[in-house]
Amino acid sequence: MILKVNSNDGTMMTVITVMELKAMVIVAYTRKKRVTEMTQQQHGKSRVIHVEVGVSFLNSDRSEHGSKNDEGTKSDVDSSPHWEETNNKNESYSGMACSRMRFGEVVAVVVCVVVGVVEGGGGAVLVEGGYEGLLVTISPSLPEDRAAEIIDGVKTALTDTSEVLYKATRGRAFFRDVKILLPKTWTNTSYDEAARNENFEDGAFRVDSANPVYGVQPYTVQPGGCGVEGTFIHLTPTYLTDDAEAAWWGPRGKTLVHEWAKLRWGVFDEFGYPNDPAFPLFYWDTTITADGITHEVTPNYCADTDLTGELRDVSIKDSCSFGSDGLPDSNCRFFPDDVQAAASSLMGYYYLSSIEEFCDGGADESFLHDPYVPHRHNLMCAGRSVWDVMRTHSDFNGNRLERSNYTIPDFTVLQQEEAKFALVLDYSGSMSGERIEKLQRTAQRWILHEVSNGSSVAIIEFSSSARRTADLTEINDSTRQQLASKVSTITGGGTSIGSGLLMAVNDEYVLKDKKNGVILLVTDGEETTDPMISDAMPEVIASGVRVVTVAFGKDADPTLESVAESTDGKTYFVLDEDDGGMLDDAFLGALTYQPSDTLSNINVKIHEYEYIGKDTNCSALFHVDASVGRNMQFRLDTNGPNHVTSAPYLVSPSAVVVDGAVLDSALNMWTIDVSMAEEGEWMWAVEVSGNENYYIRVGVTAQSRDPQGSPILTRAWMSAGSEGVNASASPVVIYAKVSQGSRPVVGAKVRAYVSQPDSTAAAVELDLLDNGQGADTQAGDGIYTRYYTNYTSTGRYAVKAQVWDDGSAYINNGFTTSRMNPGLAAAFLRHRRSLPSNPIDTPSYCCGSVVPFDPSQATPTGTFTRQATGGSFQVTEIPSSGSDLFPPSRVTDLQVESVESSALNLTWTATGDDMDAGTVYGYEIRVSRNRSQMMENFDDAGEETLVLSLSDSRNYSDLLVEAGTQVVLYLSLSEELQPNTPYFVTLRAEDGAGNKSPVSNAALAILEPSGTSTGPKQLTGWAVTLIVLSTVAVVGALLVIVIKGKSH
């Protein structure tokens, strides 16, 4: 992409590429910290709704001042479609502002602020209103014989999407430049040019096989919270090529704008889901008038005006039945009419022809947002409108578009290139001894056994200066040994990291002008000699290479994370006390930039073991699960040449001894290969010297048992990425995804191990949860999550995840047509006239707070183990000793299980003292007929609404349980509930320091006219009865609830 850069008087000065422009943003560093920060000016004001209340939750009909329909403060940004024409007229958005600066020990560098260029998720850069470099990737698992129709389908769909996007953003964004990346395995498909450094995992849109949970439906992976960019949008070949199938979900352009909004701006669906406990299809809408409080059953959606339509039972194609709560039953759907007056929202019923806008929270009522509707966006974003969230994104925060009616993207088809690696290794004096020996062993093992044939490797050593010890060489069986021999152990001199980086990108025998270049930078110290990192970064960024940084020891240069961040690389941290496993993980992490292979050919680590001690006979058990077994390899390595006194061997589940271990004497590594490993429990055994100065490390890998299938895989990462973290301001979120192909694995045990900067401290263990609470945004999606709040000091923290089955893990294979609710999502994403004659065949729309699960279709994983390295993150500031800065997380799954005339049976997942960790100090629970009163003014809702005070909750120790535990609370009331009257229950948690959680979701309670209930009878002597379930039981209970809902 070419960008014109103009002077202040409008005359063109020069023409540069975006990559060159990006390289001009030079970050200055001191030796101790990053000294420049990028700031964003917030345009506009937050809308604040003030509600004064004085309404009894039982019988009062007094009105409140300032209901939910009151106008809020008018935003200074984009309250009309012509915002960009009426604001910031004096600002220049086509030039650069540059200044020369001197920071401490760093000599003068140029810091350029590029105006009008915004980079965000999915690889796209917004330049003067057009997204550049938007990447669509195609999975190597797809057959090449469909290449032409898939490519044509992508072009058609994104052309339509660009036009809809332009209208939806009020003329401020469209797709200008789209790249389509073909897998390396597609050898007979024509393409425009070789890819620079793109790979499958970079795609904003990823075309892959169908996820059986979603089927053909496009969906966005969103593990983060409100305003946090998603991971990718999943598309299937069928969706792109079959117009009839795609039509189920609405026009492609609108459907994909709906998904793009989730991916790019971190917004969520504004409608309900069938049988969803948090986001129902219908809800009781509360209206406050001068005559009192009124309630009306309303479909769950966001629109600027009421939609017209009808309610229909999709199982019998007749009128709907209503439940005891006054709401339509599970078979009822709202079918909007084709012709509507509404213009918003594209996050709601976006498929309607009149819908072209997102809901807005500004004073302009044209697209007004209702913050109290119980859909996912309101819950995740605390009632803020979609546009309110979008305005905080850098795409719209001060950027301007010269209006144009041309929205057709330019498409470029790329072919993925083999990876070219440059090992840039620190050979300064501080690397001498054990460090350089570990580095040599690891690098040699990586070259000899890990790098794929076809990739290329070069070696650069740096100390006070850099030297190339091996030219870029293609890896094959005849070159591996020669390359490995170039990794020496001779050290000495200072540390000039910049010299190594510059040689890697400027040397024609290394990565100069090479495609898919990757630098693996390993260093243990801070820079002492020019050129510095800051001197090298403009050329490194301009070259397009990625940099994977490995901080060897706690004294490694503090700017390494920024090097990885600015090149879309990765960061790793290796403790000095580590025997080499962490260093191995870092080298293996760089291999993800090799061209993607089919999942069946990925080597999956299924077992790890390390031992140092006096025992001379070592052995351990490991399990080969049903998803793997082909090309199993056992490896045992040691740092002592004579430490292994008798070759290792294996014993299969059927008691067959497998020996014949092969020794690589240069690496002190033994290997045993098994072409097809028997499923079940294996054992390995070896005899060693008992010398405590030596270790053994064992690793077992295997490929998918079925050559056409997929193994169970695990991936770990953190929200911090490569940036420095101020832990006083925001905790880091740790994620681990467990899946078989695209199918989520649910009910697994997932534990993160976080190594601390103090190498003598034991790793902190943190159980990750997939329960939809706290840091986890959706239950049952196979992404296990938790906040990390245990910081001992500033420095680098390394993360690793381990996954295993404890008897409750299943592979979610979706659910069959015969078991789904008839016409499960007909009303959402298609016109009435598109409904099939037999509604039972209507596909289901997925997914809300919980991913549906059908045990009759699910596959038990059986016993399995997996490990995944998440890399590292650097903490620059931690809370002061004794402080408690983090409040409890919000409870989002509060439910009323049953209602009696003077009692409620409540359930929720316990929140924590610090976010979703620890135990809260106490809870407050309120009940009111006025939903908005509860959500906006919890403290001022009045004593009459308080049914459990904070102090009273402290009297029930069983209520104060570990975060993640399911709580069932039987709550007696001092006043009787009125029959057939909606009440809303909310709670708020508080920690010992007085930090309060946000108010929970509002749970509905309605007493049947008879006053009877299926809930437990009222107990005497106590106002509150508590039943606490363990976390394991919660998973089982959740699954049962979901399936019971599905079978109705």
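Residues numbered from 1 in each chain as written. Predicted model: local features only at pLDDT ≥ 70, side-chain atom pairs only at ≥ 80, totals over all residues. Heavy atoms only, no water.

A short note on the overall build of the chain
On a plain count of helices and strands, the chain comes out with 18 helices and 53 strands. Burial statistics for the chain: of 1048 residues in total, 59% are counted as buried. For the chain, restricting intrachain contacts to residue pairs at least 6 apart in sequence, the fraction spanning at least 24 positions comes to 75%. As displayed, the chain offers around 40,100 Å² of accessible surface, 47% of which is attributable to carbon and sulfur atoms. (Helix = DSSP H or I, 4+ residues; strand = E, 2+ residues; numbered from the N terminus. Buried < 20%, exposed > 50% of the residue type's maximum accessible area, 1.4 Å probe, protein only. Contact = heavy atoms within 4.5 Å. Areas by Shrake-Rupley, 256 points an atom, 1.4 Å probe, with all protein chains shown as cover.)

Regarding the pattern of salt bridges
What the rule picks out here adds up to 36 salt bridges. Here Arg435 makes a salt bridge to Asp524, at a shortest N to O gap of 2.4 Å. With Arg435 in helix 9 (residues 434-450) and Asp524 in the loop between strand 23 (517-523) and helix 12 (533-543), this pair connects stretches of sequence that are 89 residues apart. Of the two residues examined, Arg435 and Asp524, each falls in the buried class. The partner of Asp916 in a salt bridge is Arg786, with the nearest N and O atoms 3.7 Å apart. Of the two residues, Asp916 is situated in the loop between strand 47 (903-909) and strand 48 (922-928) and Arg786 in strand 41 (residues 783-788); the sequence distance between them amounts to 130 residues. (Salt bridge = Lys/Arg side-chain N within 4 Å of Asp/Glu carboxyl O.)

Describing empty space enclosed by the protein
Under the counting rule described, the total for this entry stands at 5 cavities of 30 Å³ or more. One number sums up the size of the largest cavity: a volume of about 110 Å³. For the largest cavity, the lining is made up of 16 residues, of which Asn771, Gln773, Gly774, Ala910 and Asp916 are closest to its centre. (1 Å grid on protein atoms, 1.4 Å probe; cavity = no way out; pocket = protein on both sides within 12 Å on 5 of 7 lines; lining within 4 Å. Points joined across faces, edges and corners; volume = space filled by probe spheres on them.)

Focus: the side chain of Ser385
Locating Ser385 in the fold gives a position in the loop between helix 7 (376-380) and helix 8 (386-392). Look at Ser385 and you get buried, because its relative accessible area is 0%. For Ser385, the side chain forms a polar contact with the main-chain nitrogen of Asp388, separated by 3.0 Å. The residues touching Ser385, leaving out its near neighbours within four places in the chain, are Cys359, Asp360, Gly361, His369 and His377. (Polar contact = N/O pair within 3.5 Å; in protein donor to acceptor, adjacent residues only side chain to side chain.)

So, the environment of Ile355
Tracing the chain through its elements places Ile355 in the loop between strand 18 (332-336) and helix 7. Considered as a pair, Ile355 and Gln340 are 15 residues apart in the sequence and their alpha carbons are 8.5 Å apart. In this structure Ile355 touches Lys254, Ala342, Ala343, Ser344, Ser345, Leu346, Tyr349 and Tyr350, once residues within four positions along its chain are discounted.

So, the packing of aromatic side chains
Per the counting criterion, the structure on display carries 30 aromatic pairs. Considering the side-chain rings of Phe634 and Trp684, the 6.1 Å spacing of their centres and the 45° angle between planes classify their relative orientation as tilted. Of the two residues, Phe634 is situated in strand 28 (residues 628-638) and Trp684 in strand 33 (residues 680-688); the sequence distance between them amounts to 50 residues. Both residues of the pair, Phe634 and Trp684, count as buried. Between Tyr788 and Tyr797, the aromatic rings sit 6.2 Å apart at their centres with planes inclined by 65°, giving edge-to-face as the arrangement. With respect to class, Tyr788 is no different from Tyr797; both count as buried. (Phe/Tyr/Trp six-rings, centres within 6.5 Å; stacked < 30°, edge-to-face > 60°.)

Details of the confidence of the model for the chain
Reading fine detail from the predicted coordinates is not recommended where pLDDT is low. When the pLDDT values of the chain are averaged, the result is 82; 80% of them are 70 or greater. Per-residue pLDDT stays below 50 along residues 1-120; that stretch engages in 261 contacts with residues further than four places along the chain or on separate chains. Segment residues 1011-1048: pLDDT under 50, and 76 contacts once partners within four positions in sequence are set aside and those in other chains are kept. (pLDDT = per-residue confidence, 0-100.)

Quick notes on the sheet that holds strand 31 (residues 662-664)
Reading across from one edge, 26-34-28-32-31 is the order of the 5 strands in this open sheet, with antiparallel pairing throughout. With partners counted over all chains shown, the strands left at the sheet margins are strand 26 (604-611) and strand 31, one partner each. Taking each pair of neighbouring strands and ignoring which way they run, the sheet shows an average axis angle of 20°. With 7 bridges joining them, strand 26 and strand 34 (residues 696-704) adopt antiparallel strand pairing. Paired with Val604 across the bridge in strand 34 is Ala702. Strands in contact with helix 9 are strand 28, strand 31, strand 32 (669-676) and strand 34; relative to strand 28, the strand with the most contacts, it is inclined by about 155°. (Pairing = 2+ DSSP bridges. Axes fitted to C-alpha atoms, helices over the stretch in contact; angles between N-to-C directions.)

Some details on the state of the cysteines
Tallied over the full model, the rule gives 4 disulfides. There is a disulfide in this structure between Cys226 and Cys381, and the S-S distance comes to 2.1 Å. The chirality of the disulfide connecting Cys226 with Cys381 is right-handed, given an S-S dihedral of about 105°. Separated by 155 residues along the polypeptide, Cys226 in the loop between strand 13 (219-221) and strand 14 (232-235) and Cys381 in the loop between helix 7 and helix 8 bring together distant segments of the chain. Judged by relative accessible area, Cys381 falls into the buried class, the value being 2%. Covalent S-S linkage joins Cys302 and Cys359, the inter-sulfur distance amounting to 2.1 Å. Between Cys302 and Cys359 the disulfide shows an S-S torsion of about -120°. By sign, it is left-handed. One end of the pair, Cys302, is in the loop between strand 16 (292-299) and strand 17 (309-313); the other, Cys359, is in the loop between strand 18 and helix 7, and 57 residues separate them in sequence. (Disulfide = S-S within 2.5 Å.)

Concerning the side chain of Thr549
Structurally, the position occupied by Thr549 is in strand 24 (residues 546-552). Residue Thr549 is classed as buried on the basis of its relative accessible area, which comes to 1%. Those residues within four positions of Thr549 in sequence are excluded, and the remaining contacts are Leu521, Leu560, Val563, Ala564, Lys570, Thr571 and Tyr572.

Some details on the environment of Gly309
Counting through the fold element by element, Gly309 comes out in strand 17. Owing to a relative accessible area of 40%, Gly309 belongs among the partly exposed residues under this scheme. For the pair formed by Gly309 and Phe335, sequence separation is 26 residues and the distance between their alpha carbons is 5.4 Å. In contact with Gly309, not counting residues within four places along its chain, are Phe334, Phe335, Pro336 and Asp337.

A few points about the sheet that holds strand 30 (residues 657-658)
Backbone hydrogen bonds are what pair the strands of a sheet, in a parallel or an antiparallel way. The antiparallel open sheet is built from 4 strands, whose spatial order is 27-33-29-30. Edge strands, defined here as strands with exactly one partner in the open sheet, are strand 27 (617-624) and strand 30. Inspection of the sheet shows strand 29 (residues 644-651) paired to strand 33 by 5 bridges, in the antiparallel sense. Each bridged residue has a counterpart across the sheet, and for Val644 the counterpart in strand 33 is Val688.

Remarks on the nonpolar core
Of all hydrophobic cores here, the largest spans 76 residues; its most connected members are Leu158, Phe205, Trp260 and Phe358. Examining the composition of this core, we find that 9 residues originate from one element, helix 3 (residues 147-168), more than from any other. With residues near it in sequence (within four places) discarded, Leu158 still touches Leu134, Val136, Phe175, Val178, Phe205, Leu256, Pro409 and Phe411. Of all hydrophobic cores here, the second largest spans 66 residues; its members include Val424, Tyr427, Leu502 and Val563. (Core = buried A, V, L, I, M, F, W, Y, C linked by side-chain atoms within 4.5 Å.)

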